[in-house]
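# Architecture and fold: a report
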Amino acid sequence: MSEPLLVQVGYSPWSLKARLALALGGLQHRRMEYLPMLREPWLRWRLRRFTGRVTVPVLLTDQGAVGDSFDIARLALAGGPYWPEDAALVAWNGWSERMLELGRTRTTRQVLSDPDALLASLPAALSGLGPLSTLLARAAARYLLRKYGVAEDQATLEARMDALLDQLAGVLADQEYLLGRLSYADLSAAAGLCFVSPPADLPISPLARPHWTVPTLATRYAPLLAWRDRVLATCAAAARATAAGPGAT
Ligand SMILES: N[C@@H](CCC(=O)N[C@@H](CS)C(=O)NCC(=O)O)C(=O)O
């Protein structure tokens, strides 16, 4: 049996969710970086899905492809302590999806209006091709907006993100974990904050990073961002313990 292959975009919050779950579940895997738009024909061929939307992350296993970060997380974690009950996890993942959907549109529009950030968002292999790189970067951003764009203006998107953040802050006001102890609900919600202000180690160019941040929300919800960083650190420590095996200290 070969190791599963995670097809992912390194800087994408959805891929982050899959990586966190795979690490926490101790599921060994290889990774392949996906190029939005350019690699879509390859992905469709691998998935044998020639119509409809295809997205990454996708986990390619000997038993077939698992094509959504939530299903990848379920594969990695179900039956263990971080996957207590499906319904609550579905609900918090829905919260995370709504946040990310709004943030993706806001950030992609911002990057599209900043030529330096746009170019810096291209993978290294494609960024040294002069005007062709600029064309490619612009086409990729427009492709993402056509595929996933939300219609509202930037102020409305931020207001909707604010309302979702308020909901999360309310639940976390008197508890550290959404379901009482660390679970995929926390990982999913933590990744959902990436377009409010991205985690320090998400591989985003310094030129694009400001567009991933909503200054008013990052200030108002600074305690949520601190919570997110604690959750990611706890998750990393738990993943290290899982990797070290039973009995390791
Ligand atoms: N519900 C899906 C959403 C995944 C998603 O939106 N992926 C985007 C962001 S990485 C994507 O595939 N973008 C590249 C493309 O569409 O070509 C999941 O959680 O996996």
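For the structure, check the block above.
Residues numbered from 1 in each chain as written. Predicted model: local features only at pLDDT ≥ 70, side-chain atom pairs only at ≥ 80, totals over all residues.

### Comments concerning unusual backbone geometry
The omega torsion of the bond from V56 to P57 falls at 10°, within 30 degrees of zero and hence cis. Although it is not a glycine, M37 adopts a positive phi angle of roughly 75°. Along the polypeptide, M37 turns up in the loop between β2 (30-33) and α2 (40-47). Residue R48 is not a glycine yet carries a positive backbone phi of 55°. Among the structural elements, R48 can be located in the loop between α2 and β3 (58-61). Looking at R48, the number of C-beta atoms within 10 Å reads 8, which means it is exposed. (Helix = DSSP H or I, 4+ residues; strand = E, 2+ residues; numbered from the N terminus. Buried ≥ 20, exposed ≤ 12 C-beta atoms within 10 Å, placed from the backbone.)

### Let's talk about the site of the ligand
Lining the immediate environment of the ligand, one finds 15 residues, of which S12, W14, P36, T55 and S69 sit closest. For the shell around the ligand, the secondary structure elements donating two or more residues are α1 (13-24) and α3 (69-77). Partitioned by chemical class, the residues of the shell around the ligand number 7 nonpolar, 4 polar and 4 charged. (Near = placed C-beta within 6 Å. Nonpolar A, V, L, I, M, F, W, Y, C, P; charged D, E, K, R; others polar.)

### Digging into the environment of C235
Relative to the helices and strands, C235 resides in helix α10 (residues 222-244). Sequence spacing of C235 and L182 is 53 residues, and the spatial spacing of their C-alpha atoms is 8.3 Å.

### Let's talk about the sheet that holds β2
Ordered in space as β2-β1-β3-β4, the 4 strands form an open sheet in which the pairing is mixed. A single partner strand is all that each edge strand has here, and the edge strands are β2 and β4 (64-66). Neighbour-to-neighbour, the strand axes of this sheet turn through a mean angle of 25°, independent of strand direction. Taken together, the 3 bridges between strand β1 (residues 5-8) and β3 define a ladder with antiparallel strand orientation. Note on β3: the bridge partner recorded for L6 is L59. Of the strands in this sheet, β1, β3 and β4 touch α2, which is tilted by about 45° from β3. (Pairing = 2+ DSSP bridges. Axes fitted to C-alpha atoms, helices over the stretch in contact; angles between N-to-C directions. Contact = placed C-beta atoms within 7 Å.)

### Digging into the nonpolar core
Core analysis: the largest hydrophobic core is formed by 60 residues, its most contacted members being A21, I72, A73, Y184 and L187. Per-element tally for this core: the top contributor is α1, with 7 residues. (Core = buried A, V, L, I, M, F, W, Y, C linked by C-beta atoms within 7 Å.)

### Concerning the pairing of β3
On a regular strand, each side chain points to the face opposite its neighbour's, so the side chains alternate between the two faces of the sheet. Relative to β4, β3 is paired through 3 bridges, and the arrangement is antiparallel. Each residue of the ladder has a partner; that of L60, found in β4, is A65. Hairpin remark: β3 followed by β4, antiparallel, with 2 residues in the connecting loop.

### Details of helix α7 (residues 154-172)
With 19 residues, α7 should cover 27 Å at 1.5 Å per step; its first-to-last C-alpha distance of 27 Å lies within 8% of that length. Summarising the contacts, the buried residues of α7 are in contact with α4 (86-112), α8 (184-191), α9 (215-220) and α10. (Expected span 1.5 Å × (residues − 1).)

Keep in mind these numbers describe shape, not what the thing actually does.
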